[in-house]
Amino acid sequence: MTNLLISIMFVSFAIFLLYCTKDIISPPMILSFAWALPFIWLVAGEGIGKGGYDIGIIGFYFFFGVVVFCLGYFLQNKRIYRATEKFEITDSRIMTPFFKLFIILEFVITIIWLFKVYQFVMGHFQYNFWFTYKWNVSMGNFSDGTVIEYLRTAARVFSCITFIQFLTHNHHKKDTKWFVLQLCITLILNLLGQGRGGIFSFIIPMGIIFVMMRRKSNFQTIKIGCRVLLLLIIIFVVYANMKTPYESARNTPIMTTLENYLCGAVVAFEKWVSIQNKEYGYGIYTFRFLLAIIQALGFNVKVVPMAEEYVTNINGNIGNVYTFYKWYANDFGLIYAMLWQFIVGMIHGFITRKTYRIRSEKWLLIYALSFYPLVMQFFMDEYITMLSSWIQVFFWIWLILNTKLFYRANLREESIPGGKLYV
């Protein structure tokens, strides 16, 4: 009964937000929908008698978190934008020869790395290609190297920016071939090395970019969103089957796999909250990135591992994700975690306001990339835990769009009667 009540609250609040924002892909709407999914699934599971789980009072905490996010969001962004308002880029750019050379260099490095991976996997083959690679990386038997690790993050940014150019120039042949090549590079680098998270980190932003620049109505946005959601579900299921060598696990029904990913983190967090006399970290989680830097400088400080402990969550499923909140609650408790939700809401509100006010490629790119951690909130935190990657992302955005290395301006003014013509 609790799950049903919370589901109704989420859906009702989403309808209210749609009335307020007039935009089905506004961050508050997306967050409400993302958090509604686990509870709707739990209700459906109870309805068909498939060992449901009563989430209890912590479900209201999750709902209140969305409300707190919205308070922070609307504190920074009070304007309402029409859902049919296409995002027109105010600046136009042309790819420089250096950027083309850089993409070619990416391709060469990726092929060399892929050949290196292939040779190693064939010499240590177990069960399947992907499992062999991931297992040996986790055990320290194989390393991609620093160049590949940084190139993965850069490639995601490059894919999004070349996609914007591809849409801006109406699928111009020259832009198309460079976008396709960059997308292939990004897929290869992230398909193997980063798994689902790496793929989602640029598929979701590219979906947002497409909707922003091509949408005509909320209904059209829903159709696009359903296709993106289906793609994400397929990726979830495929990786779930590839990551385990055990036949019984590989034959796990698809619905059980989806149940684990959609509801496992919510249930795991509820079980963690119920633990008595928990030990808090008092800052070692929130400031992990800074502590890691201090440790690298030679100081003896504690740096917690990124991976959480595996626990049994729902219907005997195993997982090590606990939603957005646990990483922060580990430090100072539930109220502190809720404070971070308010801060995150303000950040998204600020980004939205800047994006629609300035209407530049830079802010559209930042806006689209910010949807990845937003969508993943019901699963895990991708804000502070990904701080190193976000620093790299902003570095590449600055380097690409604030210098003339990768793009040069394609904006020329000609005086005409009554105004200016931009060509």
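Just so it is clear, the model here is predicted, and its values are computed rather than measured. (Residues numbered from 1 in each chain as written. Predicted model: local features only at pLDDT ≥ 70, side-chain atom pairs only at ≥ 80, totals over all residues. Heavy atoms only, no water.)

A separate point is unusual backbone geometry. One non-glycine residue, Asn-277, lies in positive phi territory at about 55°. By the secondary structure assignment, Asn-277 is in the loop between α11 (254-273) and α12 (288-296). Positive phi values are uncommon outside glycine, yet Arg-359 reaches one of about 55°. Looking at the secondary structure, you find Arg-359 in the loop between α14 (334-358) and α15 (361-369). Overall, the relative accessible area of 15% leaves Arg-359 in the buried class. (Helix = DSSP H or I, 4+ residues; strand = E, 2+ residues; numbered from the N terminus. Buried < 20%, exposed > 50% of the residue type's maximum accessible area, 1.4 Å probe, protein only.)

Before going further, it helps to spend a moment on a nonpolar patch on the surface. Among the surface-exposed residues, Phe-287, Leu-290, Ile-293, Ile-294, Leu-297 and Phe-299 lie close enough to one another that they form a single nonpolar patch of about 600 Å² accessible area. Within the secondary structure layout, Ile-293 lies in helix α12. Look at Ile-293 and you get partly exposed, because its relative accessible area is 38%. (Patch = residues over 30% accessible without salt bridge, like charges linked within 9 Å, V, L, I, M, F, W, Y side chains within 5 Å. Areas by Shrake-Rupley, 256 points an atom, 1.4 Å probe, with all protein chains shown as cover. Salt bridge = Lys/Arg side-chain N within 4 Å of Asp/Glu carboxyl O.)

Turning to the side chain of Thr-132, a few remarks are in order. Along the polypeptide, Thr-132 turns up in helix α5 (residues 129-138). When its relative accessible area of 0% is taken as the criterion, Thr-132 is described as buried.

To continue, consider the pattern of salt bridges. The full count for this structure, using the stated rule, is two salt bridges. The residue Arg-152 makes a salt bridge to Asp-144 at a minimum N-O spacing of 2.9 Å. The pair Arg-152 / Asp-144 is uniform in exposure class, with both members buried. Linking Lys-326 and Glu-308 is a salt bridge whose minimum nitrogen-to-oxygen distance equals 2.9 Å. Within this pair, whereas Lys-326 is found in helix α13 (residues 326-332), its partner Glu-308 is found in the loop between α12 and β2 (311-312), the two being separated by 18 residues in sequence. Note on Lys-326: relative accessible area 6%, which makes it buried.

This next bit is on α15. Taken across its nine residues, α15 has eight buried, putting it largely inside the fold. Taken together, the buried positions of α15 are Glu-361, Trp-363, Leu-364, Leu-365, Ile-366, Tyr-367, Ala-368 and Leu-369.

Running from N to C, helix α6 (residues 146-168) and α15 point in directions that differ by 125°, and their axes come no closer than 11 Å. Taken together, α6 and α15 sit at an angle that is classed as oblique. Of the two possible hands of crossing, α6 and α15 adopt the one that is right-handed. Contacts between α6 and α15 pair Val-157, Cys-160, Ile-161, Ile-164 and Gln-165 from the former with Glu-361, Leu-364, Leu-365 and Leu-369 from the latter. Looking at the contact of α6 with α15, its residues break down into seven nonpolar, one polar and one charged. (Axes fitted to C-alpha atoms, helices over the stretch in contact; angles between N-to-C directions. Parallel < 35°, antiparallel > 145°, perpendicular 65-115°, else oblique. Left-handed = near helix turned anticlockwise from the far one by under 90°. Contact = heavy atoms within 4.5 Å. Nonpolar A, V, L, I, M, F, W, Y, C, P; charged D, E, K, R; others polar.)

On to the confidence of the model for the chain. Taken over all residues, the pLDDT of the chain has a mean of 84, while the share at 70 or more is 88%. Contacts from residues 247-251, a stretch scored under 50 in pLDDT, to residues over four places away or in other chains number five contacts. Within the model, the stretch residues 412-423 combines pLDDT values under 50 with 14 contacts to residues more than four positions away or in other chains. (pLDDT = per-residue confidence, 0-100.)

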